[in-house]
Amino acid sequence: MSIQWFPGHMNVTKKAILERIKDIDVVIELLDARLPGSSANPMLAEITGSRPKLKVLNKQDLADTERTEAWLAWYRAQADTQALGLDASDKAPAQRLIKACRELAPNRGGMAKPLRVLICGIPNVGKSTLLNTLVGKKAAKTGDEAGITRIEQRINLANDFYLFDTPGMLWPKITVEQSGYLLAASGAVGRNAYDEEEVALELAKRLQGPYAAQLAARFRLDDVAAIPTLHDDVLLADIGRKRGAVVSGGRVNMQKAAEILLNDFRSGVLGRITLETPAEFEQWWAAGEALEAERQAKKLARQAKRKGRAATELLDHADDGDDELAD
Ligand code: G4P
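Note that the structure is predicted; figures quoted are calculated from it, not measured. (Residues numbered from 1 in each chain as written. Predicted model: local features only at pLDDT ≥ 70, side-chain atom pairs only at ≥ 80, totals over all residues. Heavy atoms only, no water.)

Chemist: For this particular structure, what's the right way to read the pattern of salt bridges?
Modeler: Opposite charge on two side chains permits them to pair, given that their charged atoms come into close proximity. Tallying each qualifying case throughout the model produces 21 salt bridges. Between Asp264 and Arg243 there is a salt bridge; the shortest N-O distance is 2.9 Å. Of this pair, Asp264 sits in helix H11 (residues 254-267) while Arg243 sits in the loop between helix H10 (232-242) and H11, and the two are 21 residues apart along the sequence. We classify Asp264 as buried; its relative accessible area is 5%. If you follow the salt bridges from partner to partner, you end up with Asp25, Arg108 and Arg116 in one network. (Salt bridge = Lys/Arg side-chain N within 4 Å of Asp/Glu carboxyl O. Helix = DSSP H or I, 4+ residues; strand = E, 2+ residues; numbered from the N terminus. Buried < 20%, exposed > 50% of the residue type's maximum accessible area, 1.4 Å probe, protein only.)

Chemist: Explain the packing of helix H7 (residues 177-186) against helix H8 (residues 196-208) to me, please; I cannot follow it from the model alone.
Modeler: Between two packed helices, what matters for the description is the angle formed by their axes and the separation of those axes. For the pair H7 and H8, the least separation of the axes is 9 Å and the interaxial angle reads 100°. It follows from the interaxial angle that H7 and H8 lie roughly perpendicular. Residue-level inspection shows Tyr181, Leu182, Ala184 and Ala185 of H7 in contact with H8, the latter providing Glu198, Val199, Glu202, Leu203 and Arg206. In the contact of H7 with H8, the residues fall into six nonpolar, no polar and three charged. (Axes fitted to C-alpha atoms, helices over the stretch in contact; angles between N-to-C directions. Parallel < 35°, antiparallel > 145°, perpendicular 65-115°, else oblique. Contact = heavy atoms within 4.5 Å. Nonpolar A, V, L, I, M, F, W, Y, C, P; charged D, E, K, R; others polar.)

Chemist: Would you mind going over the nonpolar core with me for this structure?
Modeler: Generally speaking, soluble globular proteins have nonpolar side chains that are buried together. Among the nonpolar cores identified, the biggest contains 79 residues, and Ile28, Leu54, Leu163, Leu207, Leu215 and Leu261 are the most heavily contacted of them. Looking at this core element by element, the count peaks at seven residues for H11. When residues of this core are assigned to domains, at least three map to each of domain 1 (8-165) and domain 2 (195-267). Among the nonpolar cores identified, the runner-up in size contains 13 residues, and Ile21, Met43, Leu118 and Tyr162 belong to it. (Core = buried A, V, L, I, M, F, W, Y, C linked by side-chain atoms within 4.5 Å. Domains from an automatic or database assignment.)

Chemist: Mind showing me how you'd approach H10 here?
Modeler: An α-helix turns once per 3.6 residues; consequently, residues spaced three or four apart project the same way. Among the residues of H10, Asp232, Leu235, Leu236, Ala237, Ile239 and Gly240 are the ones counted as buried. Against H8, helix H9 (212-219) and H11 lie the buried residues of H10. The positive-phi residue at the C-terminal boundary of H10 is Gly244, with phi of around 80°.

Chemist: Please clarify how the layout of surface pockets should be interpreted in this entry.
Modeler: Gaps left between atoms are located by rolling a probe of water-molecule size over the structure's atoms. Its boundaries defined by the atoms lining it, the second largest pocket holds a volume of some 430 Å³. As for the second largest pocket, its lining consists of 25 residues, and the residues nearest its centre are Gly37, Ala40, Pro42, Ala45 and Phe281. For the lining of the second largest pocket, the elements supplying multiple residues, two or more each, are strand E1 (26-32), helix H2 (42-48), strand E2 (53-58), helix H3 (65-76) and helix H12 (278-326). In terms of residue class, the lining of the second largest pocket is made up of 13 nonpolar, seven polar and five charged. (1 Å grid on protein atoms, 1.4 Å probe; cavity = no way out; pocket = protein on both sides within 12 Å on 5 of 7 lines; lining within 4 Å. Points joined across faces, edges and corners; volume = space filled by probe spheres on them.)

Chemist: What is the right way to read the site of the ligand from this model?
Modeler: Neighbouring the ligand are 13 residues, the closest being Ala88, Asn124, Lys127, Ser128 and Thr129. Between the ligand and the protein, one listed contact pairs an oxygen atom with a side-chain N or O atom of Thr129 at 2.5 Å. Each residue belonging to the shell around the ligand can be placed in one class, and the counts come to five nonpolar, four polar and four charged. (Near = heavy atom within 4 Å. Polar contact = N/O pair within 3.5 Å; in protein donor to acceptor, adjacent residues only side chain to side chain.)

Chemist: Help me understand the packing of H7 against H11, please; the structure alone is not making it clear to me.
Modeler: Across the interface, H7 lies against H11 with an axial gap of 9 Å and an inter-helix angle of 80°. It follows from the interaxial angle that H7 and H11 lie roughly perpendicular. Where H7 abuts H11, its residues Ala184, Ala185 and Ser186 lie against Leu262, Phe265 and Arg266. Of the residues that constitute the contact of H7 with H11, the class distribution is four nonpolar, one polar and one charged.

The following block contains the structure:
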């Protein structure tokens, strides 16, 4: 695993969410539409259990429209789950959020039973931007969302609709290796946690199949048809060369090439891209689970072996004692 990511305070956040969740009717999870599965924190699913969920695929302006539809359908097929796409160009998102949450908790509403919603998301997913839009001057000016007020960590989106911000920081939790690379590529993971060249090579691999035409257009690569067949480091070197990341002797500066590819992906200039499909993510997840099960089984076997050895030593010791007594 080459993403060295050990976020602190995860347990503090977990405790704080567990405390808050008791009085929550619906959980909104903001996801990055370019990597919906990987930008979810699996811990949140554990904590929120069977509560109704609204998955918001945020930054949809950067994501592949067709893949966003596939992800929305995938989430909507899950029990007690709604899903919608969103991005910062929507200056009045409150009504869509309110409508979806009300559908998820039809028994709540009215002053006696206000709908209480918790909004969560890993860093960089666009939560602050969305919350600012929900309470911001622009939103109030349009008139659509007038009356929205913010009380500490609570935003009243309507008289009977309270939106609570996550208490604490919900860091990404990397349980699947591929997700680690995608999170790093998206900018959700701190720069010191990974090697940019390695992440850019993984990104090149993810892009070369479905987004060969976009790579060719952006970097003026000549043979589009060949892009999917190129080795990742050949592709990254081609990108570097085309963008002048060349050092003396004509060698490509791969670090510079990596930065170029990562920046172009993050800023959206490469075009609308989604790095994973539901089927791919399911596959990675299942492989991750199988690996974890194997790890646990090995651990249990080691423990059993240690216990067995200790029991044998104890018996030997007891035998020695008997022998001494007999002597
Ligand atoms: P966070 O609170 O979840 O950590 O995320 P935040 O709102 O700070 O957003 C992280 C970055 O994503 C910001 O860019 C923000 O502008 C951008 N962003 C948020 N929502 C959207 C969206 O729907 N579409 C696109 N394309 N970008 C979005 P930044 O470069 O880090 O900062 P800034 O200088 O642009 O604000």
